[in-house]
Amino acid sequence: MKSDLAKRVRGDFPLLRTSIDGRRIVYLDSAATSLKPQPVIDAICRYYTEVGANIHRGKHFLSEQASDDYEEARTRVARFTGFLSSEVVFTANTTASLNMVASGLGLTGDDVVLVPFDAHHSAMLPWRRAAGVRYIPVSDTGVADLDAYAALLRARPAVVVLTHCSNVSGVYAPVERMAAMAKEAGAVTVVDAAQSAGHRRVGGENVDFLAFSAHKMLGPTGVGVLCGRHELLRRLAPPFLGGGVVDWVDTERYDVRKVPHALEAGTPPIAGVYGLAAAIDYLQAIGFDELGEHDRELAGAMVEETLARPRLRLLGPADGTDRAAIASFAIDGVHNLKEIAKILSDSYGVLCRTGHMCAQPFVDRFTDDEVLRVSGYLYNDREDLDVLFSALDSVLDFVRGRR
């Protein structure tokens, strides 16, 4: 790899100093959750050690400080996504954001919603409960079938859900083109950017709703983002009522606040929002051109190493399709991948994941079993992949010899 980004930033991630049985850890599970750099940890600590107060509920010094910092973070998210600050809602995670839209638009079973076949369960199941879902099919290599998508749009769907980057194959969908096609068909567009935010630039003029989580882009767990065009956010029925979402309450009526506050009931994840703002600052200091190039190089190396091993069956295209540093594969003759992942972890310090990746219909289309997924980020490089694949070769040789 040409990129030296990993070597430059590794010192910022305290967890990478950890070892397992004397071996440094090789963290390849960033699609599940990323590691956190010290500036993000410091920002969260700063809230608890220097501020600590609730927001929008008092006029004392610390409450004013917390409120100002919280709203400044909203502005930074707005600049990061291209939405207005009044169009940024803080939620618990991507799942909460997508559920808020699916349940809040007032859809019925007669409304058609298009959902990608490779969607995460969080971008699929809320719509199955709220409306009539039709799937955007994928090709035999797991790439969105754009001809079939164009045909589906002729049914005039109410909503089109798009997955920017598959959490299984790592393939980037041509979201800008697909969102433009959906808008021409009169649909509301919703983009799941859980795997792309923090890796590539997100948003776009044809994206009505954009959802992502802080914890997959160097931020803390417990805070997500829903960006939505103002007129559409106003259409959403607030999922919760209580403190923070009303301006006036008497015994007969209540007045709901304007968005985005109408959609943030109760005390929000204040410390998490401090951490999210720090994560955005950290990523923007590197720049998304460099982050994207590192991502592409790492992805290419993953595919190359996987294809070099005939017993590994890669899910997704093996050509130059634009993809993230995510590779999922089945292993011929091995069904208990959990045991493989456990050995990789405990004996080699390599941390990755097995299962259906919360995208079971898509995984089941290509294999009758679970898959093993490796997913990298800015702190990984070719050296990490060498450790992974060398360890995997040794484990599989041992398993084969044991039979």
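Residues numbered from 1 in each chain as written. Predicted model: local features only at pLDDT ≥ 70, side-chain atom pairs only at ≥ 80, totals over all residues. Heavy atoms only, no water.

(A) Quick look at the UniProt feature "domain: Aminotransferase class V" (unreviewed entry) in the chain. Following the UniProt record, the feature "domain: Aminotransferase class V" (unreviewed entry) maps to residues 26-388 here. Counting secondary structure, residues 26-388 comes out at 38% helix and 17% strand; the distance between its end C-alpha atoms is 8 Å. (UniProt positions renumbered as here; feature names shortened; annotations may be inferred. Helix = DSSP H or I, 4+ residues; strand = E, 2+ residues; numbered from the N terminus.)

(B) Representation of the sheet that holds strand β14 (residues 326-331) within the structure. Pairing within the open sheet is antiparallel, and its four strands lie in the order β13-β14-β17-β16. Where the open sheet ends on each side, the last strands, each with one partner, are β13 (312-314) and β16 (353-355). Taking the axes of each pair of neighbouring strands and ignoring which way they run, one obtains an average angle of 35° across the sheet. Where β14 and strand β17 (residues 371-375) come together, four bridges link them in antiparallel fashion. By the bridge assignment, Ala 327 is partnered in β17 with Val 374. Against the sheet, helix α10 (residues 288-307) touches β13, β14 and β17, its axis set at about 140° to β13. Across the face of the sheet, helix α11 (residues 337-348) comes into contact with β14, β16 and β17 while running at roughly 35° to β17. (Pairing = 2+ DSSP bridges. Axes fitted to C-alpha atoms, helices over the stretch in contact; angles between N-to-C directions. Contact = heavy atoms within 4.5 Å.)

(C) Seen up close, the packing of aromatic side chains. This structure, assessed with the given rule, holds 11 aromatic pairs. Geometrically, the ring pair formed by Phe 13 and Tyr 282 is edge-to-face, given 6.1 Å between the ring centres and 85° between the ring planes. With Phe 13 in the loop between α1 (5-9) and β1 (19-20) and Tyr 282 in helix α9 (residues 270-286), this residue pair connects regions lying 269 residues apart in the sequence. With respect to burial, Phe 13 and Tyr 282 carry one shared label: buried. Relative to Tyr 48, the ring of Tyr 47 lies with its centre 5.1 Å away and its plane at 65°, an arrangement referred to as edge-to-face. (Phe/Tyr/Trp six-rings, centres within 6.5 Å; stacked < 30°, edge-to-face > 60°. Buried < 20%, exposed > 50% of the residue type's maximum accessible area, 1.4 Å probe, protein only.)

(D) The domain arrangement of the chain, seen in detail. Split into domains, the chain comes out as domain 1 (4-30 + 287-401) and domain 2 (40-285). Using C-alpha coordinates to define each centre, domain 1 is positioned 28 Å away from domain 2. Residue-level contacts link 35 residues of domain 1 with 34 residues of domain 2. Summing both partners gives a buried area of about 2900 Å² for domain 1 against domain 2, and 59% of it is carried by carbon and sulfur. The tally of links between domain 1 and domain 2 comes to three salt bridges. Taking the shortest distance from any N to any O, the salt bridge between Arg 365 and Asp 140 comes out at 3.2 Å. Secondary structure elements with two or more residues in the side of domain 1 that touches domain 2: α10, β14 and α12 (360-366). Looking at the side of domain 1 that touches domain 2 residue by residue, the class counts come to 20 nonpolar, seven polar and eight charged. (Domains from an automatic or database assignment. Buried area = accessible area lost by both parts, 1.4 Å probe. Salt bridge = Lys/Arg side-chain N within 4 Å of Asp/Glu carboxyl O. Nonpolar A, V, L, I, M, F, W, Y, C, P; charged D, E, K, R; others polar.)

(E) Just unusual backbone geometry, in detail. The amide bond that connects Val 259 to the next residue, Pro 260, takes the cis arrangement and shows omega of 10°. Residue position: Pro 260 is located in the loop between β12 (254-256) and α9. For His 56, which is not a glycine, the phi torsion comes out positive at approximately 55°. Topologically, His 56 is positioned in the loop between α2 (38-51) and α3 (61-81). When its relative accessible area of 36% is taken as the criterion, His 56 is described as partly exposed. Phi at Cys 358 is positive, roughly 55°, even though this residue is not glycine. For Cys 358, the location among the structural elements is in the loop between β16 and α12.

(F) Quick peek at the nonpolar core. Tyr 149, Leu 378 and Tyr 379 are the most contacted members of the largest nonpolar core, which has 68 residues in total. Counting residues per element, this core draws most heavily on α9, at 12 residues. Both domains that meet at this core, namely domain 1 (4-30 + 287-401) and domain 2 (40-285), each give it at least three residues. If sequence neighbours within four positions are ignored, Leu 378 has contacts with Leu 5, Ala 6, Val 9, Phe 13, Leu 218, Tyr 282, Ile 286, Leu 291 and His 294. (Core = buried A, V, L, I, M, F, W, Y, C linked by side-chain atoms within 4.5 Å.)

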